[in-house]
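These are the residues of each chain, in order.
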Amino acid sequence: MARKILCVAEKPAIARAVATHLSGGSFQTHAIRGNQYVKNYEFEFNFGGSWGQCSVTMTSVIGHLTGLDFASQYKGWMSCPPGALFEAPVQEDVDKDKKPIAENIRNQARYSKALFIWTDCDREGEHIGTEVRNQAKAGNARIEVKRARFSNTERAHVLQAARAPVELDEFQANAVAARIELDLRIGAAFTRLQTLQLQAVAAILKEKVISYGSCQFPTLGFVVDRYFRVQNFKPETFWSIKVMLERERKKVNFLWRRVHLFDRAAVTMMLERCLKAKQAKVTKVTQKPKSKWRPLPLTTVDLQMMGSRFLRIDSQTIMKVAEALYTKGFISYPRTETDQFDKAIDLKKLVETQFPDDRWGQYAKDLIEGKFRTPRSGRNNDKAHPPIHPVCWVSPTSLNDNERKVYEFVVRRFLACCSDDAKGSGTDVEIQYGDEFFHASGLLVLERNYLDVYVYEKWESSQQLPHFERGETFEPTEANISEGKTTAPNYLTEPELIGLMDANGIGTDATMAEHIAKIKDRQYVVVNKRGTGRNKVEELIPTHLGVALVEGYDNVVSGLPSSISLSKPFLRKEMEKQMLEICAGAKTRQDVVQQSLDMYREVFIHTQRRIEMLKAACRKYLVE
DNA sequence: GCAAGGTC
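Here is what the cut-offs are and how they apply
Residues numbered from 1 in each chain as written. Chains lettered and ligands numbered in written order. Predicted model: local features only at pLDDT ≥ 70, side-chain atom pairs only at ≥ 80, totals over all residues. Heavy atoms only, no water. Helix = DSSP H or I, 4+ residues; strand = E, 2+ residues; numbered from the N terminus. Near = heavy atom within 4 Å. Polar contact = N/O pair within 3.5 Å; in protein donor to acceptor, adjacent residues only side chain to side chain. Nonpolar A, V, L, I, M, F, W, Y, C, P; charged D, E, K, R; others polar. Domains from an automatic or database assignment. Contact = heavy atoms within 4.5 Å. Buried area = accessible area lost by both parts, 1.4 Å probe. Salt bridge = Lys/Arg side-chain N within 4 Å of Asp/Glu carboxyl O. Disulfide = S-S within 2.5 Å.

1. Topic: the environment of Gly49
Topologically, Gly49 is positioned in the loop between strand 3 (35-46) and strand 4 (53-60). Along the sequence, Gly49 and Arg163 sit 114 residues apart, while their C-alpha atoms lie 7.7 Å from each other.

2. Concerning the protein's contact with DNA strand B
By nearness alone, 40 residues border DNA strand B, and Ile62, Lys98, Cys215, Tyr333 and His515 come closest of all. Here a phosphate oxygen of DNA strand B and a side-chain polar atom of Thr508 are 3.0 Å apart. One nitrogen or oxygen atom from the side chain of Thr511 is found 2.8 Å from a phosphate oxygen belonging to DNA strand B. Secondary-structure elements contributing two or more residues to the surface near DNA strand B are strand 5 (66-70), helix 5 (170-198) and helix 14 (512-521). Split into classes, the residues belonging to the surface near DNA strand B amount to twelve nonpolar, 14 polar and 14 charged.

3. Regarding the domain arrangement of chain A
A common way to report how large an interface is uses the accessible area buried once the components associate. In terms of domains, chain A is made up of domain 1 (3-168), domain 2 (174-232 + 491-622), domain 3 (237-293 + 422-485) and domain 4 (300-417). One C-alpha centre belongs to domain 1, the other to domain 2, and the line joining them spans 33 Å. If you look at the interface, domain 1 gives 20 residues, while domain 2 gives 26 residues. Across the domain 1/domain 2 interface, buried area totals approximately 1,900 Å², and carbon plus sulfur atoms make up 69% of it. Across the domain 1-domain 2 interface, the total number found is three salt bridges.

4. Details of the state of the cysteines
Evaluated as defined, the whole model comprises zero disulfides. The closest cysteine sulfur to the non-disulfide-bonded Cys215 is located on Cys583, 16 Å from its own sulfur.

Below, the structure written as structure tokens:
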């Protein structure tokens, strides 16, 4: 009898895709007891090498199998002082709703010679791999464990991965295990401390959970930070020199190289010198081709940012809609950090699927008839998923409003990626007038290319400049001082917040939207709609509670030697750095957990000791 | 009643 190999993927969709490729399309599907999404696919496959022809069961988990929690005697909020959670025993258990999935793996392992792990090739995937391994070993202690390394589900790539298995990366799995333990202990300890202490301060806090999390607090911090910058803003007056020339019936406004200054007397003096010189001299005339680059292949973070900005849909809704489109098979997997297309993907074939569309079908045809360009490659590759792209054409009538908008965006973005840059011709003229330099520029858009399909971006021809010769002199038609005021920054918008989170390593592409939803849910921030119609913007404003928490914690740590506030992204960044050290083999999981806990424990003890400052901040904003 | 990370 052929040897049996058990394969386990991270999610049902991957199990099905891999089974389809390995089996050549003919496999048997079996439902499992207790879970409607996970299926077992059975087929034969020749793994080559020492494995040869095997009978295969391909199945999956649904993300993590297990969760970490405190031992039962520490679960009650009054069972121990919150600080005890830094040391309290923890245990890893299979989540209640995952028990049938774990049981399926144990059962299948019993008759298998080997386990091939097909989880995503990222850190979390490596950890999920160890969870799968533990179940398989519980069913069959002697099972051999291998890992398939793959970065997309293109056929040849999957076959190659099946025939060249590697080992699980214990370092990466350990890094995730460290993160899980730290998030639990620190999150629970601070959440209980501040909830128990602050509920009594103000009536509106009475029944509230006032949570702390290493991602949600820095997220709140960004919102509060901007809020204070808006509140504390004082407008300043500035002055500038405006130079205008009328030539060939065109008015040319020259912009000052110094832009503006805050000293009126100085600007007046400089203008005097210009006027005294009478003649301005053209020091430079440049005419060069300009181009506006087509966008990069679409990542999750970009989808969320562009979605909030252009489609006016908040990031969490965007992800829900994108997932629905993915589940229906209309677009590729929507959680990806990759902004480069793998060479193996047949992009032209994907473009062809869009021919039937009324809105961009003709554009797609033009691409195939010669205008197609290989997309630009960004710097990110998560080695697990391709950039987000349409998989097939969908009639707009079979989608709801939001689905239609998101699908349209994904398609237009994809076609834009496969197009040429927009091209134009730019003219720059620089003049010297007195001791000052000014310049004017004109743009003529020659070929719109990707802009024709990517309607979200604009690039317009500006007024054309009249003719100038280098070295010529002229007397400006007008030269005078203009006055202006600096304007306050706006409150933070969701796309800006996502950008900040991304830049500071707060959350992952899949969770950033959740953290934002969480701080809304906890009533740390509210959404305010500014403007109307096409100019409508949703801005995030902290509530009194949100401001009180950030100010309170900032006060708690101010004056401390390290003075690292919980509202700043630093601590989370540090955790990320430690995880990378585990991945590199430079530190062990235990070292990192101990060191990080020590660091947070210090902040925790200070918070306890100076809890009055936190309470005072809450009183200041919530009672008075 | 706590976190953040997977995914349905």
